[in-house]
Amino acid sequence: MAKTSAKHIILHSGSTVKITVTALFAALCFIATMLIQIPTPTNGFINLGDCIVLMSGYLLGPLYGALAAGIGSMLADIISGYAFYAPATFIIKAVMAVCAYYLYKLFLGSPTIITRIASVISALICEIIMILGYFTFSAFILGAGLGAVYGIPGNIVQGVVAIVISTILHELLKAIKI
């Protein structure tokens, strides 16, 4: 009998299972975002939600990962009093999950050394997307202009934490075949 992984079951199962797991990941994303919130001077906060955003992409694939990441993160913004960021958060986190999935798959086909650090490379690129996404939203949509630069350091800290924790978590889940 062939071994099947949890990821295989999720990606190749019926829509009820996919929707249920997507909802669970959205809830995990929400909880990880709400669990620890360190306010920044630029109307944002540092949190652990990006770890689940990346894991959503890796484990659920581009569509369901994007939905889980976008919905969970957006709801956290709304509940935390940052509703003006909710539309940007939905888009940025959804794009991150999609990119996490495709970049990870892309790097798995690379030379061995890159394959070993595929989680780190894909997470790094996704966190750069997050930093640029929030900068662009703050600068142009919220009208902060170059003042949006002040949000970059907090987003960098959040990104570094997400890269480290999501890479460790992803490697642990791979080791136990999830």
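Residues numbered from 1 in each chain as written. Predicted model: local features only at pLDDT ≥ 70, side-chain atom pairs only at ≥ 80, totals over all residues. Heavy atoms only, no water.

Draft legend 1. Quick peek at the environment of Ala 68. Mapped onto the elements of the fold, Ala 68 is located in helix H3 (residues 49-79). Residue classification places Ala 68 among the buried residues on the basis of a relative accessible area of 0%. Ala 68 sits 26 residues away from Ala 94 along the chain, and the two C-alpha atoms are 7.8 Å apart. Those residues in contact with Ala 68 that lie beyond four places of it in its chain are Thr 22, Phe 25, Ala 26, Cys 29, Ser 56 and Leu 60. (Helix = DSSP H or I, 4+ residues; strand = E, 2+ residues; numbered from the N terminus. Buried < 20%, exposed > 50% of the residue type's maximum accessible area, 1.4 Å probe, protein only. Contact = heavy atoms within 4.5 Å.)

Draft legend 2. The arrangement of a nonpolar patch on the surface in detail. On the surface, a cluster of nonpolar side chains totalling about 500 Å² of accessible area is made up of Leu 63, Leu 67, Ile 71, Leu 75, Ile 78 and Ile 79. The residue Leu 75 is located in helix H3 in this model. Using a relative accessible area of 38% as the deciding quantity, one classes Leu 75 as partly exposed. (Patch = residues over 30% accessible without salt bridge, like charges linked within 9 Å, V, L, I, M, F, W, Y side chains within 5 Å. Areas by Shrake-Rupley, 256 points an atom, 1.4 Å probe, with all protein chains shown as cover. Salt bridge = Lys/Arg side-chain N within 4 Å of Asp/Glu carboxyl O.)

Draft legend 3. Local environment of the packing of H3 against helix H7 (residues 152-175). At their nearest, the axes of H3 and H7 sit 8 Å apart, and the two run at 40 degrees to each other. Relative to H7, the element H3 lies oblique. Note that H3 runs across H7; the crossing there is right-handed. Touching Asp 50, Cys 51, Leu 54, Met 55, Tyr 58 and Leu 59 of H3 are Gln 158, Val 161, Ala 162, Ile 165, Ser 166, Leu 169, His 170 and Leu 173, all from H7. For the contact of H3 with H7, the per-class residue count stands at 10 nonpolar, three polar and one charged. (Axes fitted to C-alpha atoms, helices over the stretch in contact; angles between N-to-C directions. Parallel < 35°, antiparallel > 145°, perpendicular 65-115°, else oblique. Left-handed = near helix turned anticlockwise from the far one by under 90°. Nonpolar A, V, L, I, M, F, W, Y, C, P; charged D, E, K, R; others polar.)

Draft legend 4. The arrangement of H7 in detail. Over its 24 residues, H7 extends 34 Å from the first C-alpha to the last, a length consistent with the 34 Å expected when each residue adds 1.5 Å. Every buried residue of H7 is accounted for by Gly 154, Asn 155, Gln 158, Gly 159, Ala 162, Ile 163, Ser 166, Thr 167, His 170 and Leu 173. Of the surrounding secondary structure, the elements contacted by the buried residues of H7 are strand S2 (45-46), H3, helix H4 (86-108) and helix H6 (118-141). (Expected span 1.5 Å × (residues − 1).)

Draft legend 5. Spatial organisation of the environment of Val 157. Take Val 157: it is sitting in helix H7. Along the sequence, Val 157 and Asn 47 sit 110 residues apart, while their C-alpha atoms lie 9.5 Å from each other.

Draft legend 6. Looking closely at the packing of aromatic side chains. Scanning the model with the defined rule gives six aromatic pairs in all. Between Phe 84 and Tyr 85, the ring centres sit 4.8 Å apart and the planes meet at 45 degrees, which makes this aromatic pair tilted. The class of Phe 84 is partly exposed, set by a relative accessible area of 39%. Here the aromatic rings of Tyr 101 and Tyr 102 are separated by 5.0 Å at their centres, their planes lie at 80 degrees, and the arrangement is edge-to-face. According to the relative accessible area criterion, Tyr 102 is partly exposed, its value standing at 47%. (Phe/Tyr/Trp six-rings, centres within 6.5 Å; stacked < 30°, edge-to-face > 60°.)

Draft legend 7. Main features of the environment of Tyr 82. Inspection of the secondary structure puts Tyr 82 in the loop between H3 and H4. Expressed as a C-alpha distance, the spacing of Tyr 82 and Ile 31, which sit 51 residues apart in the sequence, is 16 Å.

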